[in-house]
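Overview (structure and organization)
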Amino acid sequence: MKAILTTLLLFLNATLVAGANPMMDDFSGKPEARWEFLTDQVMGGVSTGKMSFVTVDGRPVAHLSGSVSTANRGGFIQFRTALKEPLTESVSGVEITVKGNGERYFVHLRTSWTLLPWQYYQAGFETTGEWQTLKLSWADFKPSGKMLWQTPSPSSVRSIGIVAFGKDYEADLWIQKVGFY
C-alpha cells in the first residue's frame, strides 16, 4: 500500500510540475518533426537560409542561418512550432537559451487572434557569442498591427517562432532550448 501511495504522489508531483511549465523544447528526440522552417519566399521575398539540428558540446541545439534580405518587400527567415496544449494564465512569458553573432533576433507568437499571415506578437533579443538564457515577459511582446490586443494572452498563444527579421544581414543563431516560464 505504501508503494502505491508513493507512486501516486510521485505521479501527481510530476503532473503538477509539467503543468507549471507546459512546453520546453531542448531539441532532443526528433525536433525536425516538431519545427518547420519558413522564409519570406512564401510571399515573394528573396531571403534564404536553413534550420539544422546538431550537437554542440554534447547537447542538441537548433541552428538558424542564412541571408535576410528586405528586397522585394521581404525580410525574414524563421522556424516555428505549434503548441500542443494551450498555456495557462499562470505562464509569465517565453524563456530561451541562445548564442549568436551579435545581431538582434526575435520571438514571434501567433495567437487565436492573429488570423492574417502578417499578424503576430514580437519580442526582440540581442545575442553574443556566449550562451545566455533570456526571459521575455508578455509585456515585452508587441503586436504587429493596431487590430490586435496590446499584450498577448497566454491562453490564446498557438505557436512560437524564432525569427531573423527586418533588415539585410547574415543570420547565425544557435538555440539550446525554448519554452515558457
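Residues numbered from 1 in each chain as written. Predicted model: local features only at pLDDT ≥ 70, side-chain atom pairs only at ≥ 80, totals over all residues. Heavy atoms only, no water.

1. With respect to the overall build of the chain
Selection criterion: A run of H or I in DSSP counts as a helix once it spans at least four residues, and a run of E counts as a strand once it spans at least two, with each numbered from the N terminus. Note on exposure labels: buried denotes an accessible area under 20% of the residue type's maximum, exposed denotes more than 50%, and partly exposed covers the range between, all computed with a 1.4 Å probe on protein chains only. Any two residues having at least one pair of non-hydrogen atoms within 4.5 Å are treated as being in contact. All accessible-area figures derive from a Shrake-Rupley calculation using a 1.4 Å probe, and residue coverage is judged against the displayed protein chains alone.
What the chain contains, in helices and strands, is one helix and twelve strands. Secondary structure of the chain in N-to-C order comes out as α-β-β-β-β-β-β-β-β-β-β-β-β. In the chain, buried positions account for 41% of the 181 residues. For the chain, the proportion of contacts with a sequence separation of at least 24, taken over those separated by at least 6, is 72%. Per element, the accessible surface of the chain, about 10000 Å² overall, is 59% carbon and sulfur.

2. Topic: the pattern of salt bridges
Opposite charge on two side chains allows them to pair when their charged atoms are near. Selection criterion: Salt bridges are defined as contacts in which a side-chain nitrogen from Lys or Arg sits within 4 Å of a carboxyl oxygen from Asp or Glu.
Summed over all chains, the structure comprises five salt bridges. Between lysine 177 and glutamate 95 there is a salt bridge, with the nearest N and O atoms lying 3.8 Å from each other. One end of the pair, lysine 177, is in strand β12 (residues 169-180); the other, glutamate 95, is in strand β6 (residues 93-100), and 82 residues separate them in sequence. For lysine 177, a relative accessible area of 29% corresponds to the partly exposed category. We classify glutamate 95 as buried; its relative accessible area is 12%.

3. Some points on the confidence of the model for the chain
A low pLDDT means the predicted coordinates there should not be read in detail. The condition is simple: A residue's pLDDT is the predictor's confidence in that residue, given on a scale from 0 to 100.
Here the chain averages 89 in pLDDT, while 88% of its residues score no lower than 70. Low pLDDT, under 50, characterises residues 1-19; the predicted model gives this stretch zero contacts beyond four residues in sequence or across chains.

4. Describing the environment of valine 56
Structurally, valine 56 is set in strand β3 (residues 48-56). Sequence separation between valine 56 and tryptophan 174 is 118 residues, and the spatial gap between their C-alpha atoms is 9.5 Å. Here valine 56 is in contact with Val61 and Trp174, once residues within four sequence places are set aside.

5. Points about the packing of aromatic side chains
So the rule is basically this: Stacked, tilted and edge-to-face are the three classes applied to pairs of Phe, Tyr and Trp rings, where Trp contributes its six-membered ring and a pair requires centres within 6.5 Å; stacked means planes under 30 degrees apart, edge-to-face means over 60, and tilted covers the rest. By the criterion adopted, a ring carries a charge over it if an Arg CZ or a Lys NZ lies within 6 Å of its centre and within 35 degrees of its normal.
The full count for this structure, using the stated rule, is ten aromatic pairs. Pairing phenylalanine 27 with tryptophan 35 gives two aromatic rings, centres 5.7 Å apart and planes at 45°, and the pair type is tilted. The pair formed by phenylalanine 27 and tryptophan 35 is uniform in burial state, with each residue classed as buried. Three or more aromatic residues link up through ring pairs in this structure, and these residues are Phe27, Trp35, Phe53 and Phe79. For the cation-ring pair, lysine 135 lies above tyrosine 181, with the distance from its terminal atom to the ring centre recorded as 4.8 Å. A cation over a ring is seen here: lysine 167 above tyrosine 169, with NZ or CZ 5.2 Å from the ring centre.

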